[in-house]
Amino acid sequence: MTKTDNYRHGLPYKKRKPIQQRKAVMRRKFIALMTVTLLLGGCTHEETTEQDAAEYTDKPVIFMAAANDLTRGTAIQEGALSTSATFRVYATKQLKDGGSGSPGPELPFINTGESPGNVVSYQQIDGRWVWKTGTDYYWPQDNYFVNFYAIHPASAPVISDIMTSRSFTYDADTPIDGNHDLMFAQATTSLGSSEFKDINDQGTVALKFHHAFAQMAFYGKLSEQFSNFGWTLTVEDIVIYNVNAAGTFSFDTEEVTPNTTSPILSDYRLALHTGHLTITSTTATELLTSPNDVTMLMPQTLTAWDRDTESYLDMNGLPETTNSFLAIKFSVKDSNNQDPYGGSTTVYIPFAAEWEASNVYKYTVEFGGSYSVTAAIEPWATTNIEPTDPLYPDE
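In this section: the overall build of the chain. On a plain count of helices and strands, the chain comes out with one helix and 23 strands. Counting every position in the chain, which comprises 395 residues, the buried fraction comes to 50%. Split by element, the accessible area of the chain, about 17,600 Å² in all, is 47% carbon and sulfur.

Whether parallel or antiparallel, the strands of a sheet pair through hydrogen bonds between backbone atoms. In spatial order, the strands read β7-β12-β13; together these three strands make up an open sheet with antiparallel pairing. Only two strands of the sheet have a single partner each, and these edge strands are β7 (167-170) and β13 (255-258). Across the sheet, the mean angle separating the axes of adjacent strands is 20° when strand polarity is ignored. By the bridge criterion, four bridges tie strand β12 (residues 247-250) to β13 in an arrangement that is antiparallel. From the neighbouring strand, F249 faces β13, where its bridge partner is V256.

Ranked by internal contacts, the top residues of the largest apolar core, which has 58 residues, are I328 and W355. The set of elements that each furnish at least two residues to this core consists of β6 (144-152), β7, β10 (214-222), β11 (232-244), β17 (295-297), β19 (325-333), β20 (345-350) and β22 (359-367). It is β10 that contributes the most residues to this core, six residues altogether. Core analysis: the second largest hydrophobic core is formed by 18 residues, V89, A185, L207 and F209 among them.

Below, the discussion takes up the side chain of T321. By secondary structure assignment, the location of T321 is in the loop between β18 (301-302) and β19. By relative accessible area, T321 is classed as buried at 15%. Reaching out from T321, the side chain makes a polar contact with the side chain of E310 at a distance of 2.6 Å. Sequence-distant contacts of T321, defined by excluding residues within four places in its chain, comprise N242, W305 and E310.

This part is about the confidence of the model for the chain. The predicted structure's coordinates, where accompanied by low pLDDT, should not be read in detail. Of all residues in the chain, 68% attain a pLDDT of 70 or more, and the chain-wide mean is 74. Low pLDDT, under 50, characterises residues 1-36; the stretch is placed with 124 contacts to residues that sit more than four places away or in other chains. This stretch, residues 382-395, has a pLDDT under 50; its non-local contacts, to residues over four places away or in other chains, come to 34 contacts.

This paragraph deals with the pattern of salt bridges. With the rule as written, the count across this model stands at three salt bridges. Here R166 makes a salt bridge to E106, at a shortest N to O gap of 2.8 Å. Note that R166 is positioned in the loop between β6 and β7 and E106 in the loop between β2 (87-95) and β3 (107-110), a separation of 60 residues in sequence. The class for E106 is partly exposed, based on a relative accessible area of 26%. Linking E378 and K362 is a salt bridge whose minimum nitrogen-to-oxygen distance equals 3.4 Å. Placement of the pair is E378 in strand β23 (residues 373-379) and K362 in strand β22, with a sequence separation of 16 residues. For K362, a relative accessible area of 25% translates into the label partly exposed.

Reading the values: the criteria
Residues numbered from 1 in each chain as written. Predicted model: local features only at pLDDT ≥ 70, side-chain atom pairs only at ≥ 80, totals over all residues. Heavy atoms only, no water. Helix = DSSP H or I, 4+ residues; strand = E, 2+ residues; numbered from the N terminus. Buried < 20%, exposed > 50% of the residue type's maximum accessible area, 1.4 Å probe, protein only. Areas by Shrake-Rupley, 256 points an atom, 1.4 Å probe, with all protein chains shown as cover. Pairing = 2+ DSSP bridges. Axes fitted to C-alpha atoms, helices over the stretch in contact; angles between N-to-C directions. Core = buried A, V, L, I, M, F, W, Y, C linked by side-chain atoms within 4.5 Å. Polar contact = N/O pair within 3.5 Å; in protein donor to acceptor, adjacent residues only side chain to side chain. Contact = heavy atoms within 4.5 Å. pLDDT = per-residue confidence, 0-100. Salt bridge = Lys/Arg side-chain N within 4 Å of Asp/Glu carboxyl O.

Next comes the structure, spelled out in structure tokens:
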């Protein structure tokens, strides 16, 4: 155990270094606004089955979503996106028959990253609340497929040209901040395909989002020794040090790959629960502000700091290493309400991890003795949610 008052807070680096309006030629009198039903699920790519498109070609297709709470730093569980959420949609189009019965080459359709162009938000249009892009895009003829690529949240790095790259990078200008739930969805559809539903003479395109990050939750408990002493421990601060915040997400691989050549080692402070920070027993206590207010980070492998072979403290009083560790600051009261340490104490605990996307990692820190950390792994979502229309959920 090491006591230090010279505690570095180590927050992540915060520096934060067209829309082409497509003029579609429509053969029919009416043109249709694109809209998408947005829900979460494990699968992300919809199969395409054609139906008679005639009943849809002169009717609008609207964005629709059910409502759940979504706030910064809140992980999204099974269910629908919040009406306060925003995300980006990119799209390409291709002829269903480009010759010899094969689809034609992909062409740009929604191909801009500038706001408000492809940013989708919940808006009131003609007295009805719908999900809609900032700029209107119109369906091509029904002899085209449209391939949709969606990213939540809209604050994720922008893809400048979907025709040349279906990926974006977290780097020094836009490092992963640990506070947003990166999700993606893909769908291929066309006017009259199976993704459209005859709902109040409207059609929808279904997008099922999938988590691209891993989720962390933390608990604390006393060691048998501390518990037998009758001590009460109050957690004041927890920081994960030396986590890579640089990587690339690709729609082709449907995953985030860490940049191990030029990593950005960042430190992530947990949002502790002000009412749950007092630990009095060997029973694990939730340490975050709520069960869903967690840190969400890129899947990666963390190598633990080795306190036996690596230099122990740098000039700031921290382990001098590029490997990972937890810094936990706490105070203690004994059974007579006295402080046996004479003030707050910070301990450094080696921290290794193998994070995979869509998993929840629940870490329990045992205070006292060797100050160990154990992990339990669970799937983020246990149910595959199929997109449904919120107005007609049973259809």
